[in-house]
Amino acid sequence: MRPRSIAVVGTSRKPGSIGREVLTRLVEGGFRGPLYPINPAVDVIGSLRAYPTVTACPGPVDLAVIAVPRDKVLAVLDDCAAAKVGGLVVITSGFKEVGPAGAALEQQLVERVRRAGMRMVGPNCMGVLNSDPAINLNATFAPGRPPSGPIGFISQSGALGMAVLDFAQSRDLGIGMFVSTGNKADVSGNDLLEYWEQDPSIRLILMYVESFGNPLKFRELAERIGREKPIVVVKAGRTAAGARAAASHTGALAGEDALCDALFHQCGVIRAQTVEELFDIALAFAHQPLPGGNRVGIVTNSGGPGIMLADACEMLGLAVPEFSPETATALRELLPEEASVGNPVDMIASATEESFQRVVGLVAADPQVDAVIVVFLPPVLTDPERVAVRLGDLADRLASGRTPKPILGCVMGARRAAGSLAELQKHRVPSYAFPESAAKALSAMVRYQAWRKRPRGSVPRFPSGRLQAEQVIEGVRQAGREWLSEKEVGSILRAYGIPMVKSVSAGARGAVADAAHGVGYPIVIKISSPAIIHKARVGGVIVDIRTDEELRLKLDDLEKRLAAQGFEPGKYGFVVQPMLPGGREVIMGLSRTPKMGPLVMFGLGGIFVETVKDIVFRLAPITDREAMEMITGIRAYPILKGLPGEAGVAVQTLQEMLLRLSQMAVEVPEIAELDLNPVLAFPESDRCAAVDARIRVGSGGARVPVAPSNATGDGPPPGKMDIPPRV
Ligand code: ACO
């Protein structure tokens, strides 16, 4: 990114061709070092001396930008290696993205690059840019050039990269470095994060991502680097959910998008839903200080948009508080009677630049307020540009004050607003066309700040049940099965101290009554068969049976219904459980993905899990804090907390169950899918238990070592979970 000399290999004589465009951009951009066009057919291109090969150049070459046809790239690479080039940017396409033959060729590129100790961006990329005036590197074929600034931008799409650079220019968004990563054959997004971590000129990192090569490394890097430099990501390919066949609810719901949400949430990455939002957020982060809290003061000269903004703020978790009495009094004195001096302040259409400046100043100084959003409709009688000048001055002062508070603008009415927008941009006041965009940008800042301040939490370690789980799984494998029986599931849950309601396997129908007496009415009966994974779906769960007679009638009825579905008696057995009245149904689950590893799920349980989808995923291992956030993060949390007049459920017990599940997920990679659905949650911690559970084993992945002192296989008994010391 800081070359002293550049060769453009494949600089064509044809103006407008890609190689020629790159050379033109480098010249126009004011690159200061030697530039060598490489073309075997001519001696001069434009006004520059051309050379047939890189080795023929008269001086050392730091960077080679390659835009020759695909079949010539390997030979050019060898030439670069012989000339001791440090870095390559391969623009040429036709590699991995076109199929196996291209992928094989790409592999050869990587091998040669590594053998020669070079680094390569691309292939199939749009180039790189460093706008540092001391470097002036625009090795792209994109027209225009963004202003220099604190942003590092990684784009996996070249075409989008062109739009990005163009847009950045129009919004005065300073891009320090831009890298179109293309196929990421050598240099990856993770490499760039590590590079920018060390570069003080980059303070904010934006990414357009289509796929993660190594998401776990990204998690580690983003978590570390993001604390100092906010990382904002827009991820394309949101709709792959459900492509994978899965038999558990957890597996079925763990779509790619849910995984990315979990990944971003856990490492503090700010996720933008669209490219537009990415820019909206970037403008705020790049130009304004972070707010100390979530309280917004709104100032407007038009009631409607002010109310819309207040609504948007509250929906996004921002607060629109009452002003302090001093501010309210001062506003009353300052503004005409028709104005509204609450929050939002509506100064009405007669507001002048003077009143804007004074009112925004008063609101920003209020200790109840952490940030100000000004919604401005260019009025007929006031010059919008003059208002913008005043607001810009004020924002400059606030940003350098003792308690910096951000100011964001929303300027509505494109034609009349053009001058004021430019003026606000000059003063680094991010300005949006609609109130909701301003609210979204501010809420991203607030969420980021909250993440940074939040303690990380710790991952507790419970006695490991791995050895016991492994023995069970070995038995399942030898029997040639994937799904575990009730008994096997119970054994694994016990090994990890996860409480499961007492379940008595009655085998055939004749033994059900005895089992019922042993458990004690009221009871629940469930059918049991390796062929029936979702018992409730075939009507195989009957609850609240109170007498022997009722049991006989219900079993008759059940056998008839199952026979009608092709399940003959004798092909299934029965399990008897005590009926637990009341309780809230939640679901806990575990699933895994090849790239991101194990995942833990929590949500509202029962038969509507996949319809209601009130669930949250996190990558395992989770911390105690993350486990609690999963529980409090579902929409139905108020129900778990307790409706009026009702005790809430024992959330700490649920938290501990999730942590135990997370440890199991990490320690027993053979478990491919697990559902505890429902887990019945009660106010009393010792009553909380899974009443149904399913486990499927898969081929398994890497196993983590277990500390010998814990490797006894003896978990605490179900229902009696002591919170162990945190480590
Ligand atoms: N060394 C130096 N120059 C060479 C060599 C060599 N070994 N071989 C050929 N050249 C010269 C050619 O002589 C030619 O110059 P000339 O026109 O003066 O004769 C020049 O290199 C270019 O070669 P062409 O055959 O004209 O190739 P062209 O410019 O049409 O295409 C390109 C080359 C652009 C690399 C093409 O193969 C390609 O990959 N295009 C797609 C690029 C792309 O989309 N990348 C992803 C960008 S991201 C996005 O989506 C926007």
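Residues numbered from 1 in each chain as written. Predicted model: local features only at pLDDT ≥ 70, side-chain atom pairs only at ≥ 80, totals over all residues. Heavy atoms only, no water.

Scanning the protein for helices and strands turns up 23 helices and 29 strands. With respect to the principal axes defined by its C-alpha atoms, the protein has extents near 95 × 80 × 50 Å. Among the 727 residues that make up the protein, the fraction classed as buried is 54%. Of the contacts formed within the protein by residues at least 6 apart in sequence, a portion of 73% connects residues at least 24 apart. (Helix = DSSP H or I, 4+ residues; strand = E, 2+ residues; numbered from the N terminus. Buried < 20%, exposed > 50% of the residue type's maximum accessible area, 1.4 Å probe, protein only. Contact = heavy atoms within 4.5 Å.)

Another point: the pattern of salt bridges. Taken as a whole and judged by the stated rule, the model has 37 salt bridges. Residue Arg 2 is joined to Asp 199 by a salt bridge in which the shortest nitrogen-to-oxygen separation is 3.3 Å. Taken together, the positions of Arg 2 in the segment before β1 (6-9) and Asp 199 in the loop between α5 (189-197) and β12 (204-209) put the pair 197 residues apart, joining distant regions of the chain. On the basis of relative accessible area, Arg 2 is assigned to the partly exposed category, the value being 38%. One salt bridge in this structure joins Glu 353 and Arg 386, with 2.9 Å as the shortest N-O distance. Of the two residues, Glu 353 sits in helix α12 (residues 353-365) while Arg 386 sits in helix α13 (residues 384-399), which places them 33 residues apart along the sequence. (Salt bridge = Lys/Arg side-chain N within 4 Å of Asp/Glu carboxyl O.)

Over its 13 residues, α12 runs 18 Å from end to end, which matches the ideal 18 Å to within 8%, given 1.5 Å per residue. When we look at burial in α12, the residues that qualify are Glu 353, Ser 355, Phe 356, Gln 357, Val 359, Val 360, Val 363 and Ala 364. For α12, the elements touching its buried residues are β15 (296-300), α11 (325-334), β16 (345-346), β17 (371-376), α13 and β18 (407-411). (Expected span 1.5 Å × (residues − 1).)

Now for the pairing of β17. Most of β17 is tucked away, with 6 of its 6 residues classed as buried. Going residue by residue along β17, you find Ala 371, Ile 373 and Val 375 tucked away on one face and Val 372, Val 374 and Phe 376 tucked away on the opposite face as well. When β17 meets β18, the two strands line up parallel, connected through 5 bridges. Considered in β18, the bridge of Phe 376 is made with Val 411. (Pairing = 2+ DSSP bridges.)

Residues in contact with the ligand amount to 23 residues; listed here are only the nearest, Ser 12, Arg 13, Lys 14, Ile 91 and Ser 93. Between an oxygen atom of the ligand and a side-chain N or O atom of Asn 39, the distance comes to 2.9 Å. Contacts to the ligand include Ile 91, whose backbone N or O atom sits 2.9 Å from a nitrogen atom. Out of a free accessible area of 1000 Å², the ligand has 72% covered by protein chains. Its residues placed into classes, the shell around the ligand shows 13 nonpolar, 7 polar and 3 charged. (Near = heavy atom within 4 Å. Polar contact = N/O pair within 3.5 Å; in protein donor to acceptor, adjacent residues only side chain to side chain. Areas by Shrake-Rupley, 256 points an atom, 1.4 Å probe, with all protein chains shown as cover. Nonpolar A, V, L, I, M, F, W, Y, C, P; charged D, E, K, R; others polar.)

Further remarks concern the domain arrangement of the protein. A common measure of how large an interface is: the accessible area buried when the components associate. Domain annotation for the protein reports domain 1 (288-453) and domain 2 (455-501 + 580-727). On a C-alpha basis, the centres of domain 1 and domain 2 stand 46 Å from each other. (Domains from an automatic or database assignment.)

This part covers the nonpolar core. Here is a general trend for soluble globular proteins: nonpolar side chains tend to be buried in one another's company. Formed by 104 residues in total, the largest nonpolar core has its most connected members in Ile 6, Leu 26, Phe 153, Met 207, Phe 218, Cys 313 and Leu 442. Viewed by domain, this core spans two of them, domain 1 (288-453) and domain 2 (455-501 + 580-727), each represented by three or more residues. Those residues in contact with Ile 6 that sit more than four places away from it in its chain are Leu 26, Phe 31, Pro 34, Leu 35, Tyr 36, Val 61, Leu 63, Val 65 and Leu 137. Of all hydrophobic cores here, the second largest spans 46 residues; its members include Val 489, Tyr 637, Leu 654 and Ile 695. (Core = buried A, V, L, I, M, F, W, Y, C linked by side-chain atoms within 4.5 Å.)

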